[in-house]
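# Descriptive analysis of the structure
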Amino acid sequence: MVSGVTRDAMLGIIDFALKAVDLISDDEKEKMIDTLIDALRNNKKVFIIGAGRSGLVGKAFAMRLLHLGFNTYIIGETILPRASPGDVLVSISGSGRTRLVVAAAEVAKSVGVKVIAITTYPDSPLGKLADIVVRIPGRTKMAAEEDYISRQILGLHEPLAPLGTLFEDTLLIFLDGVIAELMDKLGVTEEELRNRHANIE
């Protein structure tokens with residue numbers, strides 16, 4: 001059995017994620033899923049952007065969307081097609097202020113791309129730009145007075161998980177849940193996902 005600070009941190013992260021389940025809006029989640037399904041059915045592209053660890057979670061989400069049959073791309077990679085009206089950008093930033101992410105959302109909006117923002121702060125620059133905002137609670141790298149509110153709502157005080165870890169871990173769990181719901185709504189089996197999985201690794 002794992003013990004010490006590792007155990008305490010793991011339990012704190014799990015507790016945070018469990019509480020977040022009841023704070024994430026089902027309406028926001030449904031709007032995100034409907035927009036993604038609409039993109040798939042209309043042969044539109046889905047772009048994903050995030051920086052740092054949020055970007056890594058975004059890449060994991062993009063991989064599963066690919067397995068589901070979505071035309072998915074990561075902003076910042078060298079193989080990136082031109083965006084067209086009706087495409088979708090999933091933009092991830094806990095603070096909603098990450099310059100790279102906000103700039104990409106601004107450009108996307110200017111060419112008619114639908115922007116989904118996943119952030120802790122709906123009133124942030126990213127949130128205000130977006131067509132759809134999904135609020136994911138989390139302790140971000142922002143100033144203490146702003147993330148203090150999020151910590152108080154969840155009953156956490158100075159968690160052991162550093163910087164944006166709580167946002168990123170909760171985000172990963174949420175997006176994996178979205179994939180499961182997309183599978184259900186699209187009638188896609190695990191075998192179909194396996195058949196689209198990379199075979200040159």
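Given the structure is predicted, the values throughout are model-derived calculations rather than measurements.

## As for the sheet that holds strand 2 (residues 71–74)
Spatially, five strands are ordered 2-1-3-4-5 in an open sheet, and the strand pairing comes out parallel. Whereas interior strands pair on both sides, the edge strands pair on one side only; in this sheet they are strand 2 and strand 5 (132–135). Ignoring strand direction, the axes of neighbouring strands in this sheet form an average angle of 20 degrees. Here helix 4 (residues 99–110) sits on the sheet and contacts strand 1 (45–50), strand 3 (88–92) and strand 4 (114–119); the angle it forms with strand 3, its principal contact strand, is near 160 degrees.

## A word on the environment of V134
Mapping V134 onto the fold places it in strand 5. Here the alpha-carbon distance between V134 and T119, two residues 15 residues apart in the chain, equals 6.5 Å. Contacts of V134, omitting those with residues within four sequence positions, involve I24, E28, M32, I116, A117, I118, T119 and F174.

## What to know about the packing of helix 1 (residues 4–21) against helix 7 (residues 165–186)
Taken N-terminus to C-terminus, the directions of helix 1 and helix 7 make an angle of 60 degrees; their axes are 10 Å apart at the nearest point. Judged by the inter-axis angle, helix 1 sits oblique to helix 7. As helix 1 packs across helix 7, the resulting crossing turns out to be right-handed. Counting all contacts with helix 1, which are made through I13, F16, A17 and A20, the residues of helix 7 involved are T165, L166, D169, T170 and I173. Considered class by class, the residues forming the contact of helix 1 with helix 7 number six nonpolar, two polar and one charged.

Reading guide: rules and limits
Residues numbered from 1 in each chain as written. Predicted model: local features only at pLDDT ≥ 70, side-chain atom pairs only at ≥ 80, totals over all residues. Heavy atoms only, no water. Pairing = 2+ DSSP bridges. Helix = DSSP H or I, 4+ residues; strand = E, 2+ residues; numbered from the N terminus. Axes fitted to C-alpha atoms, helices over the stretch in contact; angles between N-to-C directions. Contact = heavy atoms within 4.5 Å. Parallel < 35°, antiparallel > 145°, perpendicular 65-115°, else oblique. Left-handed = near helix turned anticlockwise from the far one by under 90°. Nonpolar A, V, L, I, M, F, W, Y, C, P; charged D, E, K, R; others polar.

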